[in-house]
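Coordinate analysis (summary)
This is what each chain is made of:
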Amino acid sequence: MNSEKTDGVVLRIVEFSESSCIVTWFTRDFGKVTTMAKGARRRKNPYEGAIDVLSFSKIVFLHKRSDSLDLLTEAKLERRFRTAAKDLHRLYCGYHLLELLNCLTDDFDPHPALYDQLERTLVRLESEESLAPLMTCFELQLLKELGHSPEWKFCVNCGVEIERHSRVAFAPVEGGVVCRRCRVGRRQVISIARQVADELEFLSRANLSHGVELGRLGGLGETRGLMGQILQHLIGRPLRVLPLLGFLGRPEPAK
Ligand SMILES: [Zn+2]
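Residues numbered from 1 in each chain as written. Predicted model: local features only at pLDDT ≥ 70, side-chain atom pairs only at ≥ 80, totals over all residues. Heavy atoms only, no water.

1. Considering the overall build of the protein
Helices and strands together make up the secondary structure of the protein, namely 6 helices and 8 strands. In the protein, the order of α-helices and β-strands from amino to carboxyl end is β-β-β-β-β-α-α-α-β-β-α-β-α-α. Computed over C-alpha atoms, the radius of gyration of the protein comes to 20 Å, within 12% of the 18 Å expected from 2.2 N^0.38 for 255 residues, which places it in the range of a compact globule. On the principal axes, the C-alpha backbone points of the protein span a range of 60 × 45 × 30 Å. Carbon and sulfur atoms form 48% of the exposed surface of the protein, whose accessible area is close to 13,200 Å². (Helix = DSSP H or I, 4+ residues; strand = E, 2+ residues; numbered from the N terminus. Rg over C-alpha atoms; globule rule 2.2 N^0.38 Å. Areas by Shrake-Rupley, 256 points an atom, 1.4 Å probe, with all protein chains shown as cover.)

See below:
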């Protein structure tokens, strides 16, 4: 049994008994880790608010080599996700990021760059005016980090460079654009505006660390619809929070 120390954000909490719960973390050094948190449901518990979804903490856990769950021994709250209590949109966005990480990452498969990206995204999510570019940017970074980056320039079937027409065809099954010739007879192809493909290509390269201005997205409805299809296809079952994010695809009121 090894005692491990790392930073983590709470992805999921499941009640286990009257006093304990099972907490799934996305950690910086170990990727997804599921721990038993004994006593966490007692009013006076040793974790002092660290066990709360979207909260960042420093944690220590005992990694068991057998089938039994790892045991959380310490959790110290570092940063809580702060947003107005009534701002459900930002909260849903946060939950969506957690659901994606929970579905797409594996236990003990570390992705420190993704962890840092999540931290930066959640900080910006508290105050950013335009939520759609921020969320889309994280989704694309997640896909890239996990080796599922969509192809925007070259046909995923034959490799030819896509001509610059006003609309291009995207095949969610293959995860990229297809040329006019390969498109013929192909099922499940979505027609998207060229601008949408260009913006997504740009966002997939954006680095959030330098307060980069993500700007606003054109073709919002198309962009969000496409991202939803890509993610659903990859995960292979309906996402729970995604249907609540319809507001991301609607133009934001002028400020
Ligand atoms: Zn082709």
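Moving on, there is more to tell.
2. Overview of the pattern of salt bridges
One pass over the structure, following the stated rule, counts 13 salt bridges. For Arg164, the salt bridge is made with Asp198, and the minimal N-O distance between the two is 2.8 Å. You can see Arg164 sitting in the loop between helix H3 (131-145) and strand E6 (167-171) and its partner Asp198 sitting in helix H5 (residues 194-203), a full 34 residues away along the chain. For Asp198, a relative accessible area of 29% gives the class partly exposed. In this structure, the salt-bridge partner of Glu174 is Arg186, at a minimum N-O distance of 2.1 Å. (Salt bridge = Lys/Arg side-chain N within 4 Å of Asp/Glu carboxyl O. Buried < 20%, exposed > 50% of the residue type's maximum accessible area, 1.4 Å probe, protein only.)

3. Observations concerning the environment of Ser204
By secondary structure assignment, the location of Ser204 is in the loop between H5 and helix H6 (220-235). What makes Ser204 buried here is its relative accessible area of 8%. Between the C-alpha atoms of Ser204 and Leu140, which are 64 residues apart in sequence, the distance is 5.1 Å. For Ser204, the residues in contact, after removing those within four places along its chain, are Leu140, Gln141, Lys144 and Trp152. (Contact = heavy atoms within 4.5 Å.)

4. A word on the packing of aromatic side chains
Considering all chains together, one arrives at 6 aromatic pairs under this definition. Ring geometry for Phe56 versus Tyr115: centroids 5.8 Å apart, planes at 85 degrees, classification edge-to-face. Here the residue Phe56 occupies a position in strand E4 (residues 56-63), and Tyr115 occupies one in helix H2 (residues 112-125), the gap between them amounting to 59 residues. Taken as a pair, Phe56 and Tyr115 share a single burial class, namely buried. Of the aromatic side chains, those joined through ring pairs into one cluster are Phe26, Phe56 and Tyr115. (Phe/Tyr/Trp six-rings, centres within 6.5 Å; stacked < 30°, edge-to-face > 60°.)

5. Things to note about H5
The element H5 is extensively covered by neighbouring structure, given that 7 of its 10 residues are classed as buried. When H5 is considered as a whole, its buried residues turn out to be Arg194, Val196, Ala197, Glu199, Leu200, Glu201 and Leu203.

6. Some points on the coordination of the zinc ion
Note on metal geometry: ideal angles are 109.5 degrees for four donors arranged tetrahedrally and 90 or 180 degrees for six donors arranged octahedrally. Within the protein, Cys155 (SG), Cys158 (SG), Cys179 (SG) and Cys182 (SG) serve as the donor atoms for the zinc ion, at 2.3 Å. Around the zinc ion, the 4 donor atoms are arranged such that angles at the metal cover 102 to 116 degrees; this shape is classified as tetrahedral. (Donors = N, O, S within 2.8 Å, 3.2 Å for Na, K, Ca; no water. Tetrahedral: all angles 85-135°; square planar, octahedral: opposite > 155°, others 65-115°.)

7. Focus: the side chain of Glu128
Summarising the element assignment, Glu128 is placed in the loop between H2 and H3. In this view, Glu128 contacts Arg90 and Leu134; residues no more than four positions away in its chain are not counted.

8. Details of H2
Between its first and last C-alpha atoms H2 spans 20 Å; for 14 residues at 1.5 Å apiece the expected length is 20 Å, and the two agree. All of the buried residues along H2 are Leu114, Tyr115, Gln117, Leu118, Thr121, Leu122, Arg124 and Leu125. Those residues of H2 hidden inside the fold are in contact with strand E1 (2-15), strand E2 (21-27), E4, helix H1 (88-104) and H3. (Expected span 1.5 Å × (residues − 1).)

9. Overview of the pairing of E2
Regular strands place their side chains on alternate faces of the sheet. Among the 7 residues that make up E2, 7 are buried, leaving the element largely enclosed by the rest of the structure. Taking every second residue as pointing to the same face, both faces of E2 are buried, with Cys21, Val23, Trp25 and Thr27 on one and Ile22, Thr24 and Phe26 on the other. Here E1 runs beside E2; their pairing, made up of 7 bridges, is antiparallel. The partner of Val10 across the bridge, within E2, is Trp25. Taken together, E1 and the strand that follows it, E2, pair antiparallel across an intervening segment of 5 residues. Pairing geometry for E2 and strand E3 (residues 31-37), over 7 bridges, is antiparallel. (Pairing = 2+ DSSP bridges.)

10. Side note on unusual backbone geometry
In this structure, Leu54 takes a positive phi of about 75 degrees despite not being glycine. Among the structural elements, Leu54 can be located in the loop between E3 and E4. Phi at Phe108 takes a positive value of approximately 55 degrees, unusual for a residue other than glycine. With respect to the element layout, Phe108 can be found in the loop between H1 and H2.

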